[in-house]
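Reading the structure
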Amino acid sequence: MTTRPKWLKPSAMVDLRQTLMKLRPAFRTEIEDDVTNAELSRWARSKGLYYCRDRHNFVVFSPRPELVRWILTIDQSAGEHCAWLGMWLGYPPCCVRAARRAGEAQLDAWAARISKRRHIGTFRHIGVSGYPAGNALISHIPCSPHCSPSLRLATAMTKRSLPPR
Ligand SMILES: [Zn+2]
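These numbers were taken from a predicted model, which means no experiment stands behind them.

1. Re the nonpolar core
If you look at the biggest cluster of nonpolar residues, it comprises 17 residues, and the most contacted ones within it are L23, I126, I138, C147, A154 and M157. Among the elements that line this core, the one with the most residues is helix α7 (residues 148–159), at five residues. Counting residues in hydrophobic clusters, the runner-up holds 15 residues, among them M13, I31, V35 and L40.

2. Points about the coordination of the zinc ion
Within the protein, the zinc ion binds to C94 (SG), C95 (SG), C143 (SG) and C147 (SG); these donor distances fall in the range 2.3 to 2.4 Å. The coordination sphere of the zinc ion comprises four donor atoms, whose angles at the metal cover 102 to 118 degrees; the geometry is tetrahedral. Read N to C, the donor residues that coordinate the zinc ion are spaced as C-C-x47-C-x3-C. Of this pair, C95 sits in helix α5 (residues 93–102) while C147 sits in the loop between α6 (107–115) and α7, and the two are 52 residues apart along the sequence. Using a relative accessible area of 3% as the deciding quantity, one classes C147 as buried.

3. Quick notes on the environment of I141
Tracing the backbone shows I141 in the loop between α6 and α7. Separated by 15 residues in the primary sequence, I141 and I126 have C-alpha atoms spaced 8.7 Å apart. Beyond its immediate sequence surroundings of up to four residues, I141 is in contact with C95, L107, W110, A111 and I114.

4. Side note on the pattern of salt bridges
Pairing between side chains of opposite charge can happen when their charged atoms approach one another. Within the structure shown, the criterion is met by three salt bridges. D15 serves as the salt-bridge partner of R24, at 2.9 Å between the closest nitrogen and oxygen. In terms of burial, R24 and D15 fall into one category: buried.

5. Comments concerning the packing of aromatic side chains
The tally for this structure, following the rule as stated, stands at five aromatic pairs. Arranged with centres 5.2 Å apart and planes meeting at 85 degrees, the rings of W7 and W43 form a pair that is edge-to-face. Of this pair, W7 sits in the segment before α1 (12–20) while W43 sits in helix α2 (residues 37–46), placing them 36 residues apart in sequence. W43 carries the same exposure label as W7, and that label is buried. Among the aromatic residues, ring-to-ring pairing joins W7, F27, W43, Y51 and F61 into one connected group.

Criteria and thresholds
- Residues numbered from 1 in each chain as written.
- Predicted model: local features only at pLDDT ≥ 70, side-chain atom pairs only at ≥ 80, totals over all residues.
- Heavy atoms only, no water.
- Core = buried A, V, L, I, M, F, W, Y, C linked by side-chain atoms within 4.5 Å.
- Buried < 20%, exposed > 50% of the residue type's maximum accessible area, 1.4 Å probe, protein only.
- Helix = DSSP H or I, 4+ residues; strand = E, 2+ residues; numbered from the N terminus.
- Donors = N, O, S within 2.8 Å, 3.2 Å for Na, K, Ca; no water.
- Tetrahedral: all angles 85-135°; square planar, octahedral: opposite > 155°, others 65-115°.
- Contact = heavy atoms within 4.5 Å.
- Salt bridge = Lys/Arg side-chain N within 4 Å of Asp/Glu carboxyl O.
- Phe/Tyr/Trp six-rings, centres within 6.5 Å; stacked < 30°, edge-to-face > 60°.

Interpretation in functional terms is not warranted from these geometric data alone.
Rendered as structure tokens:
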């Protein structure tokens, strides 16, 4: 089990696990600003990841060096970029489309509404109410309480364990 460095949000551990398990190509998170680039770079290297950090302390991590800068560039571009961002971050297309329909401006309200829905049976795996604390199997908002691609992603997280590093 990977221990969390203090500058990394608990929720980012979900994203990190998915990325190290190659279930997603990259993840993006916000870090504390007192972490030095030397620390970041040492940590990323120890995980086999590349990183790119912007001046607002958003960081993208990926095992693919070309992806980190590209994703950060999309993130900084003006306009409604969440659909593109979601696609490059490896979220299921149905959920990316749903987020685009909800509209970037209303994304938080939509997320709050969705997270209150009941997930039945195995679909409990795609509940994201525990995400801020790092207790979730997916890190995106599922398009519905019975989204199959989200469930596949979540199930893969429960089955495979991290390769030793
Ligand atoms: Zn979906």
